[in-house]
Amino acid sequence: MIKIEIKEGENIERALKRYKRKHRNVQIMQNLRESRYFTKPSVKRRREIQKAAYIQGLRDQEDI
């Protein structure tokens, strides 16, 4: 469970922003969606390789 300590005199908007950032970093929703269906390890590995190739392609384009 994510807990956010609100500091003395802190704006509620800022506390919400910190909560959203922590929530996104923990990747709770992504893990829930991912575990909804079973995916074979070979499919997971293939997706990871495709994602890495895509990111590497973006970085290569940036350098050119």
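Above this note sits the structure.
Residues numbered from 1 in each chain as written. Predicted model: local features only at pLDDT ≥ 70, side-chain atom pairs only at ≥ 80, totals over all residues. Heavy atoms only, no water.

Enquirer: How would you explain the overall build of the protein if you had to name every residue and give the values?
Expert: Counting its secondary structure elements, the protein contains three helices and zero strands. Listed N to C, the secondary structure of the protein is α-α-α in terms of helices and strands. Scaling as 2.2 N^0.38, a compact globule of 64 residues should have a C-alpha radius of gyration of about 11 Å, whereas the protein reaches 18 Å, well beyond that. Taken along its principal axes, the extent of the C-alpha atoms in the protein is 50 × 40 × 10 Å. Expressed as a percentage of its 64 residues, the buried residues of the protein come to 3%. On the protein, roughly 6,600 Å² of surface is accessible, and the fraction owed to carbon and sulfur atoms is 52%. (Helix = DSSP H or I, 4+ residues; strand = E, 2+ residues; numbered from the N terminus. Rg over C-alpha atoms; globule rule 2.2 N^0.38 Å. Buried < 20%, exposed > 50% of the residue type's maximum accessible area, 1.4 Å probe, protein only. Areas by Shrake-Rupley, 256 points an atom, 1.4 Å probe, with all protein chains shown as cover.)

Enquirer: Can you lay out the pattern of salt bridges for me, pointing to particular residues and giving the numbers?
Expert: Note on pairing: side chains with opposite charge can pair once their charged atoms come close. The full count for this structure, using the stated rule, is two salt bridges. With a shortest N-O distance of 3.3 Å, E10 and R18 are connected by a salt bridge. (Salt bridge = Lys/Arg side-chain N within 4 Å of Asp/Glu carboxyl O.)

Enquirer: Summarise the side chain of E10; cite the residues concerned and give the values.
Expert: Within the secondary structure, E10 sits in the segment before α1 (12–26). Leaving out residues up to four positions away in the same chain, E10 has contacts with E5, A15 and R18. (Contact = heavy atoms within 4.5 Å.)

Enquirer: Lay out a positive patch on the surface in plain terms, naming residues and giving numbers.
Expert: On the surface, a cluster of positive charge is contributed by K7, R14, K17, R21 and R24. Counting through the fold element by element, K7 comes out in the segment before α1. (Patch = residues over 30% accessible without salt bridge, like charges linked within 9 Å, V, L, I, M, F, W, Y side chains within 5 Å. Lys, Arg positive; Asp, Glu negative; His and termini not counted. Charge placed at Lys NZ, Arg CZ, Asp CG, Glu CD.)

Enquirer: Can you tell me about α1, naming the residues and giving the values?
Expert: Taking 1.5 Å per residue, 15 residues should reach 21 Å; α1 reaches 21 Å between its end C-alpha atoms and fits that length. Directly after α1, the chain includes Q27, whose backbone phi takes a positive value near 65°. (Expected span 1.5 Å × (residues − 1).)

Enquirer: Before we move on, could you go through the environment of E48 and cite the residues and values that matter?
Expert: Turning to its location among the elements, E48 is positioned in helix α3 (residues 41–63). Spatially, the C-alpha atoms of E48 and N11 are 40 Å apart, while their sequence positions differ by 37 residues.

Enquirer: Can you explain a nonpolar patch on the surface? Please cite residues and give values.
Expert: On the surface, a nonpolar cluster with roughly 330 Å² of combined accessible area is contributed by V26, I28, M29 and L32. No other element matches helix α2 (residues 28–34), which puts three residues into the nonpolar patch. Among the structural elements, L32 can be located in helix α2.

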